[in-house]
Amino acid sequence: MFIRCFIFAGPKSVYEYRLDAPERACRAGMRNVNIGALLGLDKWRREAFFTGVHADYLQHKYKDVEIAVSMPRMRPCAAGFPPRDIVNDTDIVQYIMAYRIFMPHSGITVSTRERRKIRDHLVYLGVTKMSGGVTTAVGGHSKGETASQFDISDTRSVEEMAKMIYNEGYQPVYKDWQALAQE
């Protein structure tokens, strides 16, 4: 049975299809798969728990795939939809620490939805991926930029993010794969 969302049309309206997308990616041979619930739509601890269960399931079933988790909080958006549950900075740190203990070898991604100050401090907590120089507009890096889907908080460029990571005593990695040379 498929559950339909009441707002959207098209393939994204089938919630089960969306929920199964990471597993389809694993089956297709993707090397890295990132999952995460948008925090603020419901109680964040429940969302965190089920995201962890989903990540654990995927990691055990697809052992060759690196499973990572994102903890995106709702930000102001064009639709003006307010969060039902406010997720503060302490909550995000608790989520990251609980997840790191639960899945110590898994990736943790923190997006530009988060403020500069908290992103700078999350480096120490085992965050493995941070973005820089992004836009949330569909086609935003091409000509004819459209309206953003939501506001970003940390507008630093890739170079500025790399400098911050170096200054904190870590090394930014831009690419963690390399094709084997054919002779």
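Right above here is the structure, for reference.
Predicted model, so just to flag it, every value in this text is computed and none were measured.

*Asks:* Please set out the packing of helix α3 (residues 44-61) against helix α4 (residues 89-102) residue by residue, giving values where relevant.
*Replies:* Direction vectors running N to C along α3 and α4 enclose 25°, while the axes themselves pass 11 Å from each other. Here α3 lies roughly parallel to α4, going by the angle between them. Every pair of crossing elements has a handedness; the one defined by α3 and α4 is right-handed. Contacts from Trp44, Arg45, Ala48, Thr51, Gly52, Ala55 and Asp56 of α3 reach α4 at Asp91, Gln94, Tyr95, Tyr99 and Phe102. Across the contact of α3 with α4, the residue classes break down as 6 nonpolar, 3 polar and 3 charged.

*Asks:* Describe the packing of aromatic side chains, listing the residues and the values that go with them.
*Replies:* To describe a pair of aromatic rings, one takes the distance between the centres and the angle between the planes. For the structure shown, the criterion picks out 3 aromatic pairs. Measuring from ring centre to ring centre gives 5.1 Å for Phe49 and Phe50, while their planes differ by 75°; the resulting arrangement is edge-to-face. Per residue, the accessibility class of Phe49 equals that of Phe50, and both read exposed.

*Asks:* Report on the pairing of strand β3 (residues 107-110), specifying residues and quantitative values.
*Replies:* Side chains Gly107 and Thr109 project from β3 onto one buried face, and the interleaved Ile108 and Val110 project onto a second face that is buried too. Where strand β2 (residues 66-70) and β3 come together, 3 bridges link them in parallel fashion. If you follow Ser70 over to β3, its bridge partner there is Thr109. In terms of strand pairing, β3 meets strand β4 (residues 129-130) through 2 bridges, oriented parallel.

*Asks:* Quick one: what's the story with α4, residue by residue and with numbers?
*Replies:* Between its terminal C-alpha atoms α4 stretches 20 Å, which fits the 20 Å expected from 14 residues at 1.5 Å a residue. Every buried residue of α4 is accounted for by Asp91, Ile92, Tyr95, Ile96, Tyr99 and Arg100. Buried residues of α4, seen end-on, are gathered within an arc of 165° and therefore sit on one face of the element. Those residues of α4 that are exposed and aimed more than 90 degrees away from the buried face are Thr90 and Ile101. Buried residues along α4 sit in contact with α3, β2, β3 and α5 (116-122). Backbone nitrogen of Thr90 and a side-chain oxygen of the N-cap are separated by 3.0 Å at the start of α4; the cap is Asn88.

The rules we used
Residues numbered from 1 in each chain as written. Predicted model: local features only at pLDDT ≥ 70, side-chain atom pairs only at ≥ 80, totals over all residues. Heavy atoms only, no water. Axes fitted to C-alpha atoms, helices over the stretch in contact; angles between N-to-C directions. Helix = DSSP H or I, 4+ residues; strand = E, 2+ residues; numbered from the N terminus. Parallel < 35°, antiparallel > 145°, perpendicular 65-115°, else oblique. Left-handed = near helix turned anticlockwise from the far one by under 90°. Contact = heavy atoms within 4.5 Å. Nonpolar A, V, L, I, M, F, W, Y, C, P; charged D, E, K, R; others polar. Phe/Tyr/Trp six-rings, centres within 6.5 Å; stacked < 30°, edge-to-face > 60°. Buried < 20%, exposed > 50% of the residue type's maximum accessible area, 1.4 Å probe, protein only. Pairing = 2+ DSSP bridges. Expected span 1.5 Å × (residues − 1). Arc of directions from axis to C-beta. Polar contact = N/O pair within 3.5 Å; in protein donor to acceptor, adjacent residues only side chain to side chain.

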